[in-house]
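Chain and residue survey
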Amino acid sequence: MDVKKQYINGKWVLALSGETREIINPFDQEVVALVAEGNEKDAKLAIDAARNAFDQGDWATTSATERGNLVGVIAALIERDKEELAELESLDTGKTVEESRGDMEDIAGVFRYYAELADKDGGEIIDSPVPDTISKVVKEPVGVCGQITPWNYPLLQASWKLAPALAAGNTLIMKPSEITPLTTIKVFELMEEAGLPKGVANLVLGTGATVGEELSTNENVDLISFTGGIETGKRIMRSASSNVKKLALELGGKNPNIIFADADFDTAVDQAMNAVFFHAGQICSAGTRVIVEESIHDAFVEALVARVKKIHLGSGFEEDTQMGPLISQEHLDKVKAYVEDGVKEGAKVAVGGSRPTDPKLQNGFFYLPTVLTECTTDMSVVQHEGFGPVITVERFRDEKEAIRLANDSIYGLAGGVWTKDITKAERCVAKMRMGTVWINDANVYFPHAPWGGFKQSGIGRELGKPGLEEYQETKHVYHNINPEPINWF
Ligand SMILES: NC(=O)c1ccc[n+]([C@@H]2O[C@H](COP(=O)([O-])OP(=O)(O)OC[C@H]3O[C@@H](n4cnc5c(N)ncnc54)[C@H](O)[C@@H]3O)[C@@H](O)[C@H]2O)c1
Ligand SMILES: C[N+](C)(C)CC=O
């Protein structure tokens, strides 16, 4: 098997140490690729290349239109190779190819969006209060950006960082999750094919403890953009303080989904399932906390459980598969322990709560779609992000209680409200402390609207105009067109 390489200063290179890592398919643990395993030394080389490309190269001062055009070429190449990319993503993550195809459409859309946005903000003229002066505000790239991504949506999360950083004129070093690097490697091949100048975008493969730590501590990095778990995020925040790096953090969520009795019942049941069991619950914005109005609680649980029993588990490459495996044995062990803790605290397993018995699934990291009832906000299953196919169900008596329960969390990434009463929905939305709130829908995101968390779900926003602004510095230029001595001294 050929070793897939890192991309540093416009060259495909093995790790300096010569080390490699096996990438496995979580469906059957088959080795699907061998990749270079870089460490802090490779990261330092990549940072130097990005620093040099920013300080000495032309990229930062290339016109925004030209940068946007190049980002547009990358979008077109992703479109061209979307089927290959989708299959790679499913091999790497175990998600269904149908889901991966959807991701690739979204990813091409993100590159297209920032290609268009690149030259739309030419700055601003300020009406200066001082006579004979011109005051203007211009946007400039931040500089060298470290970008660290997770394993659950490997290329989607990478695209939210790559496209705006390039459109804004930065240089960058990306470190994908060490267990799911394949589609990111492929997109770096496409960026090379698109003609990105050498040193502008660098790819280093390896662990968080080596490559990730170097990116977050190295003083030649000006900005760190991280998507991943809350504990890693806190650690990066501390490391980034060494040179007061700009910081963007997209962290976890424990997302409430409030179901009022007047909601469209069948749609709410259907979407409450989709909001969690898509990608086996490994979604930051999964609506894992279902909070149901008392009067419909029992009927809702009964309908939910009946539907959940029918979810078909299998290989992401088989057409009838609705849910794939978890990402790894380590993650499977965490999900098992998370459910066991919930049961010890008094939650009842209404369905699932174990590994499937189907012999065909025994080599994969599968866990049954699970519904836990009789949950209360003080339980660890309700407070902690399990990141697996597990719904916890709580009940509420009135609107006030629903809001109180929904907000009772250190997280604030996303939430949902299901009701036909639009006034009530808007009242709830106004009080829900989350970066995204869906009314009568779940898990919707697109390039035009910002994404990010309140509270400990993160700092900053990706997507939309704010997603570009994360990668821009704002400079005020003040021009005195009639300079004269002040004669103060
Ligand atoms: N808010 C969002 O938009 C969003 C999107 C996707 C995933 N997530 C979150 O990501 C988490 C799951 O991803 P994960 O398990 O890969 O997270 P993780 O924090 O374990 O790892 C994320 C990335 O950080 C790297 N890393 C680990 N330790 C590091 C360190 N000390 N310094 C620098 N980098 C380090 C990893 O190698 C990986 O590339 C969940 O909490 C999920 O909610 C959030
Ligand atoms: C941000 N999103 C929803 C695409 C993936 C979260 O894990």
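Just above sits the structure.
All of these numbers come straight from a predicted model, not from anything done at the bench. (Residues numbered from 1 in each chain as written. Chains lettered and ligands numbered in written order. Predicted model: local features only at pLDDT ≥ 70, side-chain atom pairs only at ≥ 80, totals over all residues. Heavy atoms only, no water.)

Overview of the overall build of the protein chain
- Counting secondary structure elements, the protein chain contains 15 helices and 21 strands.
- Compactness check: the protein chain gives a C-alpha radius of gyration of 24 Å against a globular reference of 23 Å for 489 residues, within 12% of the reference.
- With the C-alpha coordinates of the protein chain rotated into their principal frame, the extents come out at 80 × 60 × 40 Å.
- Of all intrachain contacts in the protein chain linking residues separated by at least 6 positions in sequence, the fraction that spans at least 24 positions is 73%.
- Carbon and sulfur atoms provide 51% of the accessible area of the protein chain, an area that totals close to 20,600 Å².
- With 49 positive and 74 negative side-chain charges, the protein chain shows a separation of 3 Å between the mean positions of the two kinds. (Helix = DSSP H or I, 4+ residues; strand = E, 2+ residues; numbered from the N terminus. Rg over C-alpha atoms; globule rule 2.2 N^0.38 Å. Contact = heavy atoms within 4.5 Å. Areas by Shrake-Rupley, 256 points an atom, 1.4 Å probe, with all protein chains shown as cover. Lys, Arg positive; Asp, Glu negative; His and termini not counted. Charge placed at Lys NZ, Arg CZ, Asp CG, Glu CD.)

Quick word on helix H1 (residues 40-56)
- With 17 residues, H1 should cover 24 Å at 1.5 Å per step; its first-to-last C-alpha distance of 24 Å lies within 8% of that length.
- Three or more residues of H1 are buried, namely Asp-42, Ala-43, Ala-46, Ile-47, Ala-49, Ala-50, Arg-51, Ala-53 and Phe-54.
- Among the structural elements, strand S2 (6-8), strand S7 (133-141), strand S8 (144-148), strand S9 (171-175), strand S10 (201-203) and helix H7 (208-217) are those in contact with the buried residues of H1.
- Sitting at the head of H1, Asn-39 places a side-chain oxygen 2.8 Å from the backbone nitrogen of Lys-41. (Expected span 1.5 Å × (residues − 1). Buried < 20%, exposed > 50% of the residue type's maximum accessible area, 1.4 Å probe, protein only. Polar contact = N/O pair within 3.5 Å; in protein donor to acceptor, adjacent residues only side chain to side chain.)

A look at the site of ligand 1
- If you check the shell around ligand 1, you find 28 residues, and the closest are Thr-149, Glu-178, Thr-232, Leu-251 and Glu-385.
- A distance of 3.4 Å is found between a nitrogen atom of ligand 1 and a side-chain nitrogen or oxygen belonging to Arg-235.
- In the model, an oxygen atom of ligand 1 is placed 2.6 Å from a nitrogen or oxygen of the Glu-385 side chain.
- Broken down by secondary-structure element, the contributors of at least two residues to the shell around ligand 1 are H7, strand S11 (223-227) and helix H8 (230-240). (Near = heavy atom within 4 Å.)

Remarks on the pairing of strand S17 (residues 390-396)
- Within S17, six of the seven residues are buried, leaving the element largely enclosed by the surrounding structure.
- The pairing of strand S14 (residues 289-293) with S17 spans five bridges and is parallel. Bridged to Glu-293 within S17 is Phe-396. (Pairing = 2+ DSSP bridges.)

A short note on the packing of aromatic side chains
- Applying the stated criterion to the full structure yields 12 aromatic pairs.
- Residues Tyr-113 and Tyr-114 carry aromatic rings whose centres are separated by 5.0 Å and whose planes lie at 80° to one another, so their mutual orientation is edge-to-face.
- Residue Tyr-114 is classed as buried on the basis of its relative accessible area of 0%.
- Aromatic rings pair up to connect Trp-160, Trp-438, Tyr-445 and Trp-451 into one cluster.
- A cation sits over an aromatic face here: Lys-424 above Phe-260, 4.2 Å from the ring centre. (Phe/Tyr/Trp six-rings, centres within 6.5 Å; stacked < 30°, edge-to-face > 60°. Lys NZ or Arg CZ within 6 Å of the ring centre and 35° of its normal.)

Looking at unusual backbone geometry
- Although it is not a glycine, Asn-443 sits at a positive phi angle of roughly 55°.
- Here Asn-443 shows up in the loop between strand S19 (436-439) and strand S20 (458-459).
- Non-glycine residue Lys-455 carries a positive phi angle of around 45°.
- Along the polypeptide, Lys-455 turns up in the loop between S19 and S20.

Keep in mind these numbers describe shape, not what the thing actually does.
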